[in-house]
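A look at the structure
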Amino acid sequence: MADLLLKNHAPDARGLVHRVTPASAGWGHVGFELYRLKPGQGLEAETGLREACLVLVGGRAKIRAGGQAFGELGERAGPFEGKKPYAAYVPWRSDYRVEATSDLELAVCTAPGGGSHEARMIGPDQVAYSKRGHGSNTRHVYDILPESESAHSLLVVEVITPAGGWSSYPSHKHDTLNLPHESELQETYYHRLDPAQGFALQRVYTDDRSLDETMAVEDGDVVLVPRGYHPCGTAHGYELYYLNVMAGPQRVWRFHTEPAHRWLLEQAMP
């Protein structure tokens, strides 16, 4: 099994910080790359048999995809400004080009492609916001590419967890194809913290504990979730952001809450 925690580090000459592929992760669907680009730096790629969602975590860029020029995108310097993101969807058998016009933090989310989906810009007005939970389990959710929007495999979402709070909790999993109750989705978490010197904890574990890892997550780290439950909590004083990328054999998100913690859902009802 691949290491589940990928530590943040300086970008290489191309601006690449993280690269997760199905081969490196030992799974079949999700790919994730994180770039930190300087103004004028660019990125060009062909999608081949995969589709992509380009998420501007912070900064501005000119983006061209599938023969369409989307112009200069981006309204936030980072994910903690209370602003929705810009993104672009790129179908399979297509290409894209990104040119940074400021310091840019760019996530490239990929999964197997298919169908006849068109390249498109995803603006803040197309990103749905919802507030989930209450008290120390409050989360602010921004759906960039939910199952209601056109794509073949990808599901992409941002979550902000207030300081001292818990997220992806009560513990849930989505590793078994048992629709309509549960879907099978692999997942990556790209974590950011504010202030940046903070830390969070994330546990990934199965019912039989054949997988049971608890990781100290710092700013810019990536966590892989191949299966199992995967809650996370952030330390007092430190707000937590994460970008989730999910994909599996069917493009639907249905999760199974760990039985031991289901009473929390009943308690949360008004």
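Topic: the nonpolar core
Counting residues in hydrophobic clusters, the biggest one holds 49 residues, and the most contacted among them are F32, C53, V55, C109, I144, V156 and L243. Here this core takes six residues from strand 24 (residues 239-247), the largest share from any one element. Non-local contacts of I144, meaning those with residues more than four positions away in its chain, are made with C53, V55, P85, A87, I122, V127, V156, V157, E158 and L243. Y35, L43, L54 and L106 belong to the second-largest nonpolar core, a separate cluster that totals 22 residues.

Topic: the sheet that holds strand 24
Pairing is antiparallel across the open sheet formed by seven strands, whose spatial order is 1-22-19-24-14-13-12. This sheet does not close on itself; its edge strands, each paired only once, are strand 1 (5-6) and strand 12 (128-132). Taken together, the seven bridges between strand 14 (residues 155-161) and strand 24 define a ladder with antiparallel strand orientation. Residue V156 lies in a different strand from strand 24, and its bridge partner there is V245.

Focus on the pattern of salt bridges
On inspection of all chains with the given rule, the structure shows 17 salt bridges. Between E81 and K83 there is a salt bridge; the shortest N-O distance is 3.9 Å. Its relative accessible area of 38% is what places K83 among the partly exposed residues. A salt bridge links D175 to K173; its shortest N-O distance comes to 2.8 Å. For D175, a relative accessible area of 22% corresponds to the partly exposed category. A relative accessible area of 9% places K173 in the buried class. Look at the salt bridges and you will find they share partners, linking K7, E218 and D221 into a network.

Rules used throughout
Residues numbered from 1 in each chain as written. Predicted model: local features only at pLDDT ≥ 70, side-chain atom pairs only at ≥ 80, totals over all residues. Heavy atoms only, no water. Core = buried A, V, L, I, M, F, W, Y, C linked by side-chain atoms within 4.5 Å. Buried < 20%, exposed > 50% of the residue type's maximum accessible area, 1.4 Å probe, protein only. Helix = DSSP H or I, 4+ residues; strand = E, 2+ residues; numbered from the N terminus. Contact = heavy atoms within 4.5 Å. Pairing = 2+ DSSP bridges. Salt bridge = Lys/Arg side-chain N within 4 Å of Asp/Glu carboxyl O.

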